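Structural features, examined
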Amino acid sequence: MSADEDLRPLTETAESILGAGPSADGDWDASAWAALEESGLTTIDVPEALGGGGGTLREAAEVVRVAGARAVRVPIAEAALVGGWLLAAAGLPVPAGPLTAALDSGGVTVDAAGVLGGTVRRVPYARIATCVVLLADGPSGPVVAVVDRSAGTLTEGANLAGEPRDDLVLDGLTPIASAPVDAAVAAELPLRAALSRVVLAAGAGQTALELTLRHVKEREQFGRPIAKFQAVQQLVAELAGEVATVTLGSEAALLAIASDDTAYAAMSVASARVVAADASTRIAAIAHQLVAGIGVTREHALHRSTTRLWAWREEGGTEGVWADRLADRALDPSAPPLWQQVVGV
Amino acid sequence: MRLAAHALPESTRALRLEVRAFLRGEVERGAFVPAVDTWLGGVNLELSRALGAKGWLGMSYPEQYGGRGAGALDRFAVTEELLAAGAPVAAHWIAERQMAPSILKWGTAEQKQRFVPGIARGELYFAIGMSEPDTGSDLASVRTRGEKVDGGWRVNGAKIWTSGAHIAHRMIALLRTSPRDDAARHAGLSQFIVDLHSDGVEIRPIISLDGQHHFNEVVFTDVFVPDEDVLGNVGDGWKQCTSELAIERSGPERVLSTVPLLLLWVDLLRAGTLPDDALARRVIGALVARLFVLRQMSLAVGGSLAAGESPEVEAALVKDLGTRFESALTEAVRRVVPDVPDLHGSPLSSMLATAVLHAPGFTLRGGTNEILRGVVARGLGVR
């Protein structure tokens, strides 16, 4: 509870910057990004010496949660939870301009001369970013590379919510900055990427719940608000349960990832990821069932949350991929027994 | 509604390991066979007393009443270990979980001294006296009545679905002590600590789907209950009972009842005893993820209770999710493993069989999931 109290000023700042409602459709929201950057919220947990905000992971995640709730079209999850962290791990300064990061840079290489090879796929908001931060496989281990987006060949794509997800061909490019990092960074990158989607989903799920609550209280049928019907109340309660699941999973993962126990951190992120994706499916289904006809139009705000909840399930690894990772460890005879893995003792 | 993630205090680490090692030893010496849903079906008086002797029952009770004055989260950790080990804990479960806390909250000094130390020793067992043949979800409609007589009360009526009444010494019964008033349905109810060995108490077994005797109907015919066995104030029964329900609904047993089945399956796969394939892995990963997060949610409710809050809505929400998981886990395992559910089969078969046959109860006991969702809906302002 106290963590909540500590975060309140930050939450209020982020909410006031990101506006009362979801931002309009379009490639991206340049003014929201500028305001976030000006307030130092885009790379909040990067040390100040590197040009970041000098804050904590929990603070960075709170800004991302609010952005998820407001369906803001900016690469804040990528900058705040993935890119900034990669830069800090490599000791590289935060470059100017909109920043994004590759959630998965599998197959990208960097040779001894520092020349990149390969293609990063479905990079969030690459088309509007000045720089893309990614992790390349170097001759003697992983290397964090900052790429000038305009130097690469870009193919535009989008996810189900219409958020830009662009491919970038890197062959022959030299990064504008790069530095080697420990293998542990490469191991943690998928966790960071997955966690960023869970935190976003916690925000979007909360908005889907709020929009649904408003609708069932206002919409009248048979002479009364539909909230008066038990069938509706039961679904609303189930919806709230799913939203609480994503939120708590996200919080527990943030708590665990800040601890020294890397195995437990991996367990908590993977679990939150699987459960958040499952819950996202159910949240979108119930919200659309209750908001009904108007909810499946672009006129109503609900789609901004639900299409994101659907789209984010695939990003940073599906629930299936992460379930398999959990199972691999559960069934590894050299790992502690499963119950010990679950409770961390 | 607010659930905040909690980490268990460092003090629980050593405690947990101690309990785990003890239980492993008990299994190795054949004191019990791990099973599912043992907080309903696993009666083992020797183990209950041993846990009491170790100081692991009533840990959070004050020292003067046989407790350790430990934090509620210490009890949470011990409870989790007992459930994960599939230990037979039903005998003392209800007394230790909710009756001693109720007596400590509402009882007289004499009642605390008379009942609580025996509960902490794992020797004195209690039954719940809420449901009646005509009173299920609508608890305020209880009809079993207490009439004032010289020196006490005369009780007539019946309670039902009373887990373990046949081994319990006492029941805390919710009775009607003033005529029903439809304008004030929660008034006129009182709680009594009824001696189940009194004249006029008849305990009729009810056999469950698994062929076992867990439940009873307890019939009261002119049973005399002395004044000193009234719990709290006459007329305050509803308020007292509601606070008892908050404890009853919030524990880790609302998530972990079938977890021994998952743990056994995983152990068998790790040992190479059962076939390991992509489907099994996918199912296990999904179950582990859900277990991990639901346990965190249960811990969040436990942490909130330990901080002195009243997370009634949060507890209802987590119990709804947790009890559905208990059944879903059973069905997910059943679909994949080659073992057929059989009460008298292999360890995995018999756990599966018990889990399937107990599953309907998971989402009924302690308040049906539909009632729980009603509590959540009210908390969200849509009821």
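Model, not experiment: these values are computed from the prediction.

1. Points about the overall build of chain B
Broken down by element type, chain B carries 12 helices and 8 strands. In terms of C-alpha radius of gyration, chain B reaches 21 Å, essentially the compact-globule figure of 21 Å for 383 residues. Across its three principal axes, chain B shows a C-alpha extent of roughly 70 × 45 × 40 Å. The buried share of chain B, taken over its 383 residues, is 54%.

2. Thoughts on the overall build of chain A
For chain A, the helix and strand inventory stands at 10 helices and 11 strands. Relative to a compact globule of 345 residues, whose C-alpha radius of gyration would be 20 Å, chain A shows 20 Å and is just as compact. Classification of the 345 residues of chain A by burial places 58% in the buried group.

3. Topic: the nonpolar core
Counting residues in hydrophobic clusters, the biggest one holds 249 residues, and the most contacted among them are A:Val63, A:Val64, A:Val132, A:Leu134, A:Val144, A:Val236 and B:Leu261. Counting residues per element, this core draws most heavily on helix α7 (residues 262-295) of chain A, which supplies 18 residues.

4. Describing the pairing of strand β8 (residues 165-169) of chain A
Residues and elements named next belong to chain A. Judged from the 4 bridges that link them, strand β4 (residues 119-124) and β8 form a sheet pairing that is antiparallel. From the neighbouring strand, threonine 119 faces β8, where its bridge partner is valine 169. Sheet analysis places strand β7 (residues 153-155) next to β8, joined by 3 bridges and oriented antiparallel. Residue pairing across strands places leucine 154 opposite leucine 168, the latter belonging to β8.

5. A few points about the interface of chain A and chain B
One frequent convention defines the size of an interface as the accessible area lost when the parts assemble. At the junction of the two partners, chain A supplies 40 residues and chain B supplies 41 residues. Broken down by secondary-structure element, the contributors of at least two residues to the side of chain A that touches chain B are α5 (183-218), α6 (230-257), α7, α9 (319-330) and α10 (338-343) of chain A. Looking at which element gives the most residues to the side of chain A that touches chain B, the answer is α6(A), with 14 residues. Within the side of chain A that touches chain B, the residues separate by chemical class into 27 nonpolar, 8 polar and 5 charged.

6. Some words on helix α12 (residues 369-379) of chain B
Listed in full, the buried residues belonging to α12(B) are B:Leu372, B:Arg373, B:Val375, B:Val376 and B:Ala377. In this structure, the buried residues of α12(B) make contact with α6 of chain A together with α10 (312-336) of chain B. Following α12(B) by one or two positions, B:Gly381 adopts a phi angle in the positive range, close to 80°.

7. Thoughts on unusual backbone geometry
All names here are of chain B. The phi dihedral of aspartate 37 falls on the positive side, at around 50°, and the residue is not glycine. We classify aspartate 37 as buried; it has 28 C-beta atoms within 10 Å. Even without glycine at this site, aspartate 222 takes up a positive phi of about 50°. The topology assignment puts aspartate 222 in strand β7 (residues 213-226).

8. A few points about the environment of B:Ala70
Residue and element names in this part refer to chain B. Looking at where alanine 70 falls in the secondary structure, it is placed in the loop between α3 (45-54) and α4 (72-84). The partly exposed category is assigned to alanine 70, around which 19 C-beta atoms lie within 10 Å. Remark: the alpha-carbon pair of alanine 70 and methionine 59, spanning 11 residues in sequence, is separated by 5.4 Å. Apart from the residues lying within four places of it in its own chain, the contact partners of alanine 70 are Met59, Ser60 and Arg75.

9. As for the sheet that holds β4(A)
For sheets, the rule is that strands pair by backbone hydrogen bonds, running either parallel or antiparallel. Residues and elements named next belong to chain A. An order of β4-β8-β7 is seen for the 3 strands of this open sheet, with the pairing classed as antiparallel. Each edge of the sheet is formed by a strand with only one pairing partner; in this case those strands are β4 and β7. Taking each pair of neighbouring strands and ignoring which way they run, the sheet shows an average axis angle of 25°.

10. A closer look at the environment of A:Val147
All names here are of chain A. Looking at the secondary structure, you find valine 147 in strand β6 (residues 141-148). Separated by 158 residues in sequence, valine 147 and serine 305 place their C-alpha atoms 31 Å apart. Those residues in contact with valine 147, other than ones at most four positions away along the chain, are Cys131, Val132, Leu134, Gly152, Leu170, Leu173, Pro175 and Ile176.

11. Thoughts on the environment of A:Glu314
Mapping A:Glu314 onto the fold places it in the loop between α8 (302-312) and α9. Separated by 284 residues in the primary sequence, A:Glu314 and A:Ala30 have C-alpha atoms spaced 25 Å apart.

12. Quick notes on the packing of helix α8 (residues 259-270) of chain B against α10(B)
Residues and elements named next belong to chain B. Two elements in contact, α8 and α10, have axes whose closest approach is 9 Å; the angle formed by their N-to-C orientations is 30°. With respect to each other, α8 and α10 are oriented roughly parallel. In this structure, the crossing between α8 and α10 has a hand that is left-handed. Between α8 and α10, the contacting residues are Leu261, Leu262 and Trp265 on the first element and Leu329, Thr330 and Val333 on the second.

13. A look at the packing of α6(A) against helix α9 (residues 278-306) of chain B
Closest axis-to-axis distance for the α6(A)/α9(B) pair is 9 Å, and the angle between their directions is 90°. On the basis of their axis angle, the class for α6(A) and α9(B) is roughly perpendicular. Where α6(A) abuts α9(B), its residues A:Thr245, A:Leu248, A:Gly249 and A:Ala252 lie against B:Val293, B:Gln296, B:Met297 and B:Ala300.

Conventions we followed
- Residues numbered from 1 in each chain as written.
- Chains lettered and ligands numbered in written order.
- Predicted model: local features only at pLDDT ≥ 70, side-chain atom pairs only at ≥ 80, totals over all residues.
- Helix = DSSP H or I, 4+ residues; strand = E, 2+ residues; numbered from the N terminus.
- Rg over C-alpha atoms; globule rule 2.2 N^0.38 Å.
- Buried ≥ 20, exposed ≤ 12 C-beta atoms within 10 Å, placed from the backbone.
- Core = buried A, V, L, I, M, F, W, Y, C linked by C-beta atoms within 7 Å.
- Pairing = 2+ DSSP bridges.
- Contact = placed C-beta atoms within 7 Å.
- Nonpolar A, V, L, I, M, F, W, Y, C, P; charged D, E, K, R; others polar.
- Axes fitted to C-alpha atoms, helices over the stretch in contact; angles between N-to-C directions.
- Parallel < 35°, antiparallel > 145°, perpendicular 65-115°, else oblique.
- Left-handed = near helix turned anticlockwise from the far one by under 90°.

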